[in-house]
Structure formats: structure tokens, C-alpha cells
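# Working through the structure, step by step
The primary structure of each chain is shown beneath.
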Amino acid sequence: MKSIMPNSSAVIVNPSNADNHCEKDALTNMFGWFLQVLLASLAFTCLILKRFCEPRYERRPWLIWFYDTSKQGLGALVIHLANIYLASHFQGDPCTWYIINFLLDSSIGLLILWVGIRLSQYLARAKQWEAINFGEYGKPPSINAWLAQCVLYVLLMIVVKICITLLIQFDFWDQVKVLILAPITNARVEAVIVMLIIPFFINALMFWVTDNFLMRKTKRVQTAKDQSLLQRVKIRYRKIRKDKREESESDTLLSADEELLGANDVSHRLTVTTQYNV
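What you are looking at is a predicted structure, and each value in this text was computed from that prediction instead of being measured.

Scoring rules and cut-offs
- Residues numbered from 1 in each chain as written.
- Predicted model: local features only at pLDDT ≥ 70, side-chain atom pairs only at ≥ 80, totals over all residues.
- Heavy atoms only, no water.
- Helix = DSSP H or I, 4+ residues; strand = E, 2+ residues; numbered from the N terminus.
- Buried < 20%, exposed > 50% of the residue type's maximum accessible area, 1.4 Å probe, protein only.
- Contact = heavy atoms within 4.5 Å.
- Areas by Shrake-Rupley, 256 points an atom, 1.4 Å probe, with all protein chains shown as cover.
- Phe/Tyr/Trp six-rings, centres within 6.5 Å; stacked < 30°, edge-to-face > 60°.
- Lys NZ or Arg CZ within 6 Å of the ring centre and 35° of its normal.
- Polar contact = N/O pair within 3.5 Å; in protein donor to acceptor, adjacent residues only side chain to side chain.
- Expected span 1.5 Å × (residues − 1).
- Bend = angle between axes of the 7 residues up to and from the residue.
- Axes fitted to C-alpha atoms, helices over the stretch in contact; angles between N-to-C directions.
- Parallel < 35°, antiparallel > 145°, perpendicular 65-115°, else oblique.
- Left-handed = near helix turned anticlockwise from the far one by under 90°.
- Salt bridge = Lys/Arg side-chain N within 4 Å of Asp/Glu carboxyl O.
- Core = buried A, V, L, I, M, F, W, Y, C linked by side-chain atoms within 4.5 Å.

## What about the overall build of the protein?
A count of helices and strands for the protein gives 8 helices and 0 strands. Scored against the burial criterion, the 278 residues of the protein give a buried share of 34%. Looking at the protein alone, contacts between residues at least 24 apart form 75% of all its contacts between residues at least 6 apart. Total accessible area computed for the protein in this model is approximately 17,700 Å², and 66% of it derives from carbon and sulfur atoms.

Written out as C-alpha cells, the structure reads:
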């Protein structure tokens, strides 16, 4: 197991390469904060783009979209600050510890988060706790429901971070740390890759997937505008066939009625004639 507290007596295995990697304050200096703000802006832009990519029949109003995405924003902020703190307090290069934490959060952590969201939605239905049913805010949307879901989502992210922190204590990760960014020998390049490039692509995917977990699913009501030309032709053809079939059935029934009436007429005349002759 490893300690997350700073160790002044830690031995650097290869001092000649130490200057080529991130220093202890690499994640919290001005350049590091600039990369973090830039990453947050790009990730938030992805969520805006996702809204416009949604089909019109399920596109959320801006208020509902804000309620859904703000939960992700708060959760991501909690995880990010926790990763910054932990990476700075592990022994060795903080950039490598940060990226290991981040990758685990985006894989195993996403699975834990999905289980937590599904469990809360089940409890909301079973116990009638509508306030914790993610994506449901009532009509009109209630800020209290949003606050309850924000608190629950942040608690789920804290559980995720605790699980990942316990997992990363195993000595196995020391070997991964040595290999993961070994080819990079420039501290600034390493910081950009670890705090901007890799997180941007993974965050974009993670935010997109998590937003689907959190948003309310709307059943599609298809209109004529949504139907393709081929679909409309098929529907029109079926309608014509149905009309012809109904018309044919009506003609058959009418013909049968006429024949029956004619037969009754003849029978009546024969009866009258017979009575008269008698």
C-alpha cells in the first residue's frame, strides 16, 4: 500500500529524468489552472452541442437542460478537485497519478455511477420518492427537486472517488505510473496531455453518456413531418387498398341485399297468385 501524504524522504530513482516531468505544483500553478479552465469550457460546450443533436421530439427546454447538466458539472468539479489533491500528495510525478485517477474514474467510476443512478431511480419508483428520480422535476419544474438530485449526484461521485482511491492504493499502480508517461520528457507537454488532450476526449464521451443516464426519456410521437417519403407512400397505398376492400365488401353486401329483396318479391307474387287461383 502507498501513502497519499507527502514524504520528504522519498527517493527519486532517476534524478536525471526528474526535471523532465511534472513538479509537485504543476497541477496548481497558473499554467495548470489555465488548462483546467480551458478543459471545463470545452467539456461544457460538448453538452451544449449534445442538446442541439437531440431529435426535436425529445429536445429539452433550456431550464431542464440546465438542471440535468449542472448536476454533472458539480460532480465533475468534486472529482476533479479530489484528483488534484490526491495527485499532489502521492509520491512521485503528480501528472501520472492524476491521469491514472482520471482514467479509473472514467471507466470503473462510470460503472459505479450508473449503478447508483439506476438504484436511486428504482427507489424513487418503489418508495414514491419523486425528488430523487433523476430527470424528473415536476410540472412546473421544481428547484427543490433539482437541489435534491444535485446533492444525491455529488454523494454518488464521492462514493466513486472513495472506491477509486482504495483501488489505487495497490502497489501494482507504481509500475503503471513508471510506464504510462515514460516517453514524454517535457513537463509542459506532459501537463497538456494529462490535463487537456486526454481528458477532453474522454470527458466528451463520458458527459454524453452520463447525460443520457440523467435525462428524462421522452416517448416519440411521430408526425407527418418526421416520416420519410417512402413511409408516407406506404401509408397512402395501405389506405387506398383498405378503401377498395371496404368498397368491394359494401358492393357485395348491397348485391346480396338486392338479390334477397328480389327473391322475396317473387315469392310474394307467387303466394298471391296461388291464393287467387284457389
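And the narrative resumes.
## As for unusual backbone geometry
Look at the link from Lys139 to Pro140: it is a cis peptide, with omega at -5°. Residue placement: Pro140 occurs in the loop between helix 4 (94-126) and helix 5 (143-167). A positive phi angle is found at Gln128, which is not glycine, with a value near 60°. Looking at the element boundaries, Gln128 is found in the loop between helix 4 and helix 5.

## What to know about the packing of aromatic side chains
According to the stated counting rule, one finds 10 aromatic pairs in the structure shown. Between Phe44 and Trp65, the ring centres sit 5.7 Å apart and the planes meet at 65°, which makes this aromatic pair edge-to-face. Within this pair, whereas Phe44 is found in helix 2 (residues 30-53), its partner Trp65 is found in helix 3 (residues 62-89), the two being separated by 21 residues in sequence. Owing to a relative accessible area of 5%, Trp65 belongs among the buried residues under this scheme. Both rings, one in Tyr67 and one in Trp146, keep their centres 5.4 Å apart while their planes meet at 20°; by these two values the pair is stacked. Pair noted here: Tyr67 is in helix 3 and Trp146 is in helix 5, with a separation of 79 residues, a long-range link. The exposure classification of Tyr67 matches that of Trp146, with both residues buried. Cation over ring: Arg51 sits above Trp62, and NZ or CZ is 4.0 Å from the ring centre. When the ring centre of Phe31 is taken as reference, the NZ or CZ atom of Arg188 above it lies at 4.3 Å.

## Section: the side chain of Lys161
Along the chain, the position of Lys161 falls in helix 5. Residue class for Lys161 comes out buried when judged on its relative accessible area of 8%. Within the structure, the side chain of Lys161 is placed 3.2 Å from the side chain of Asn101, a separation counted as a polar contact. Apart from residues no more than four positions distant in its own chain, Lys161 is found in contact with Ile79, Ala82, Asn83, Leu86, Asn101 and Asp105.

## Observations regarding helix 7 (residues 187-214)
Across its 28 residues, helix 7 extends 37 Å between first and last C-alpha, which sits within 8% of the 40 Å expected from 1.5 Å per residue. Pro199 marks the point of greatest bend in helix 7, at about 45°.

## Notes on the packing of helix 2 against helix 7
Between helix 2 and helix 7, the shortest axis-to-axis distance is 9 Å and the interhelical angle comes to 25°. Taken together, the axes of helix 2 and helix 7 lie roughly parallel to each other. The interaxial crossing formed by helix 2 with helix 7 has right-handed handedness.

## Some points on the pattern of salt bridges
Under the counting rule described, the total for this entry stands at 3 salt bridges. For the salt bridge of Asp68 with Lys71, the shortest nitrogen-to-oxygen distance reads 3.7 Å. Taken together, the positions of Asp68 and Lys71, both in helix 3 and 3 residues apart, correspond to about one turn of that helix. Grouping residues by exposure puts Asp68 and Lys71 together as buried.

## Overview of the nonpolar core
Within the largest apolar cluster, 37 residues are counted, with the highest numbers of intra-cluster contacts made by Leu113 and Ile117. Mapped by element, the contributors of at least two residues to this core are helix 2, helix 3, helix 4, helix 5 and helix 7. Among the elements that make up this core, the one with the highest residue count is helix 4 (10 residues). Filtering out sequence-adjacent residues up to four positions away, Leu113 remains in contact with Tyr153, Leu156, Met157, Val160 and Thr210. Counting residues in hydrophobic clusters, the runner-up holds 6 residues, among them Tyr67, Tyr137, Ala145 and Trp146.

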